[in-house]
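Notes for the structure review
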Amino acid sequence: MTGSPPPGGPGCGGGDGAGPAHDPGGVEPGEVSAAIADAHRREWAFVLAATARVAGDLDLAEECVQDAYAAALTAWTRQGVPRNTGAWLTTAARRRAIDAKRRDAVLRAKLPLLIEPDPPVASSAPPGAGTGEGDEVIPDDRLRLIFTCCHPALAREAQVALTLRLVCGLTTVEIAQAFLVSEPTMAARVTRAKKKISGARIAYRVPGPAELPDRLDAVLTVVHLLYTTGHTAPGGDNLVRADLVDRAIALARMLRTLMPDEREVAGLLALILLTDARRATRADARGRLLLLEEQDRSQWDRAVVAEGTALVPWALRGGGPGRFALQAAIAALHAEAPSYAETDWPQIVALYDALLRVWSSPVVALNRAVAVAMALGPAAGLAQIGELEADGRLGAYRYLPAAKADLLRRLGQREAAAQAYRAALALTDNAAEREFLARRLTEVTGTLS
Amino acid sequence: MAEYLILIFEDENAYATATPDVLQQVMEAHTRFAEQVPQKGGKIVEGRALQPTPTATTIRGDVVTDGPFIETKEAVGGYYLIEARDLDQALDIAKLCPARFGGVEVRPIMVFG
């Protein structure tokens, strides 16, 4: 935490990147900690990604970035909060990394991260810039970082943990809490994944065009998984774990900024926004889960819906849309419908057909069955669900008996419905969802004669 | 460059019952693989096939027993030691490695300081 002088302080000539934004005399302690918290949330990925390139090792990079954030508290209190906090932190962290490598040359050189050189244009400073320290153009390595975290040679749960830890800057304790595992378990998972990155030489790079579609799909899957985990916590009492949801949205926005030409990135952001626009209406005042048809549509966040909807045509353009674009298109139809009954169900069924062609998943087939029930009646939906039950892949999937129960209830087959509600309850840990199912079960059994 | 071992796991029974024609195809596939590796930017350091597991002998402590260390339907039947730039290139190469009766496992060779 000592050593290199902080860059971009008042004594450095106040370059346009990292000069002080405030009169050093007037910095409130609360202002500094707020600035650091803000920089942690916004700049962590950028700072770590740029430091990893210099450190050549993710552990060392993390250590140096943590030190830089700690050093910022003292430095910014004394000298004022720099205008470009990310550049200040990156320069500080990179200096620490260079010092540490010098001190520890043998140890650190053993298993370096494999970093491909940038194309010349990306690493050279634009004309007229870069006069003082802290003004250097730091390449944006956030894509390298997230593609490394989501490498297919890592297990999905490791990809998720590494993304939260390295890209979002969450602590192991926070990640463990989010996924309901013990801290030592999560720590071991993160350590194992980092060891595999260095031991198996997983490169710190954005994949080339040939691999990109598959590799990008893994990244998008991880971000979507973070969102859905936050959105429906598997075993917790809160239906929405707001922090994970916010992190997922921030990641999707980051990817959209960094990969503006990728349709599926636009599709993922649209899907997340359109789902999240309904966040406030997913449960009632007592925390009870509300179905789409019960939700108060006037409470949906129209600005977020508009933002998500505007991305959909773009994500669908050019033919052969991907799975996130199609799911976003379905979510947009729901968001625009005046009511559940007045939703364009035939169009939704058609979109699910297209989705099944690119993503043959029994969960998609189940959602399609629900849409079929709305377009053609509960009996038609029930027939589809029967096929899925015979298929067997959704044996432990709680939404299968829940959907079946709902259609049976609509058809007035109360005893069969009650049986299906009980099956769904047996598979559900989430308190809000359990309460919903129990309520429906009481409804159908209460009217049994 | 780093070294990786491609371990070929296959169903031995499938080989035991394979027709000469199939065995010929397997041999040709391995010859083709040897040609493809340099095209992918890697290098084969060594590649060997092993006698099947009934010929294996296992030693634990000083107890010698007949048979493989672990009895599995798919056993290691051969390997390639390759050189590759990184895991992506190694996987790119390993995807081409013939293993019609099973699959392959890629392991980085440990480097001691």
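All names here are of chain A. When you line up the elements, R414 lands in helix α19 (residues 414-426). Assessed through the 17 C-beta atoms surrounding it within 10 Å, R414 is described here as partly exposed. Considering only alpha carbons, one finds R414 and A396, 18 residues apart in sequence, at a separation of 23 Å.

Okay, the nonpolar core next. Residue and element names in this part refer to chain A. Among the nonpolar cores identified, the biggest contains 144 residues, and L48, A68, V223, A270, L274 and A328 are the most heavily contacted of them. Per-element accounting of this core gives the leading share, 13 residues, to helix α1 (residues 29-55). For A68, the contacting residues outside a window of four places in its chain are V47, L89, A92, A93 and R96.

It is worth spelling out helix α18 (residues 399-410) of chain A at this point. All names here are of chain A. Helix length check: α18 (12 residues) gives 16 Å between terminal C-alpha atoms against 16 Å at 1.5 Å per residue, within 8%. Where burial is concerned, most of α18 is hidden: 10 out of the 12 residues are buried. Every buried residue belonging to α18 is among L400, P401, A402, A403, K404, A405, D406, L407, L408 and R409, and all of these are buried. Residues of α18 that are buried in the fold lie against α16 (362-376), α17 (378-391), α19 and α20 (431-446). Of the residues one or two after α18, G412 is the one with positive phi, at around 80°.

All right, on to the packing of α18(A) against α19(A) then. Packed helix pairs are characterised by how far apart their axes lie and by the angle those axes make with each other. Residue and element names in this part refer to chain A. The interhelical angle for the contact between α18 and α19, taken along N-to-C directions, is 160°, at an axis separation of 8 Å. Looking at the two axes, α18 sits roughly antiparallel to α19. Where α18 crosses over α19, the two elements pack in a sense that is left-handed. Contacts between α18 and α19 involve P401, A402, K404, A405, L408 and R409 from the former and A416, A417, A420, Y421, A423 and A424 from the latter.

This paragraph deals with the interface of chain A and chain B. Listed per partner, the contact involves 8 residues of chain A and 6 residues of chain B. Partitioned by chemical class, the residues of the side of chain A that touches chain B number 5 nonpolar, 1 polar and 2 charged.

Turning to the confidence of the model for chain B, a few remarks are in order. Model confidence for chain B is summarised by a mean pLDDT of 95, while 99% of its residues fall at 70 or above. Interface predicted TM-score (ipTM) for the complex: 0.85; the corresponding pTM is 0.83.

Let us look at the domain arrangement of chain A. All names here are of chain A. Along its sequence, chain A is carved into domain 1 (10-110) and domain 2 (142-260). Domain 1 puts 10 residues into the contact, and the matching count from domain 2 is 12 residues. Among the elements of the structure, α1 and α2 (58-79) are those that each provide at least two residues to the side of domain 1 that touches domain 2. If you tally residues by element for the side of domain 1 that touches domain 2, the top one is α1, at 7 residues. Residues of the side of domain 1 that touches domain 2, tallied by class, amount to 7 nonpolar, 1 polar and 2 charged.

With that settled, consider the confidence of the model for chain A. Residues and elements named next belong to chain A. In the predicted model, chain A carries a mean pLDDT of 86, and 86% of its residues have values of at least 70. Here residues 1-20 is modelled with pLDDT under 50, and outside its nearest four sequence neighbours on either side it reaches 60 contacts, counting other chains as well. Here residues 121-134 scores under 50 on pLDDT; set against residues more than four positions off or in separate chains, the count is 29 contacts.

Rules and cut-offs
- Residues numbered from 1 in each chain as written.
- Chains lettered and ligands numbered in written order.
- Predicted model: local features only at pLDDT ≥ 70, side-chain atom pairs only at ≥ 80, totals over all residues.
- Helix = DSSP H or I, 4+ residues; strand = E, 2+ residues; numbered from the N terminus.
- Buried ≥ 20, exposed ≤ 12 C-beta atoms within 10 Å, placed from the backbone.
- Core = buried A, V, L, I, M, F, W, Y, C linked by C-beta atoms within 7 Å.
- Contact = placed C-beta atoms within 7 Å.
- Expected span 1.5 Å × (residues − 1).
- Axes fitted to C-alpha atoms, helices over the stretch in contact; angles between N-to-C directions.
- Parallel < 35°, antiparallel > 145°, perpendicular 65-115°, else oblique.
- Left-handed = near helix turned anticlockwise from the far one by under 90°.
- Nonpolar A, V, L, I, M, F, W, Y, C, P; charged D, E, K, R; others polar.
- pLDDT = per-residue confidence, 0-100.
- Domains from an automatic or database assignment.

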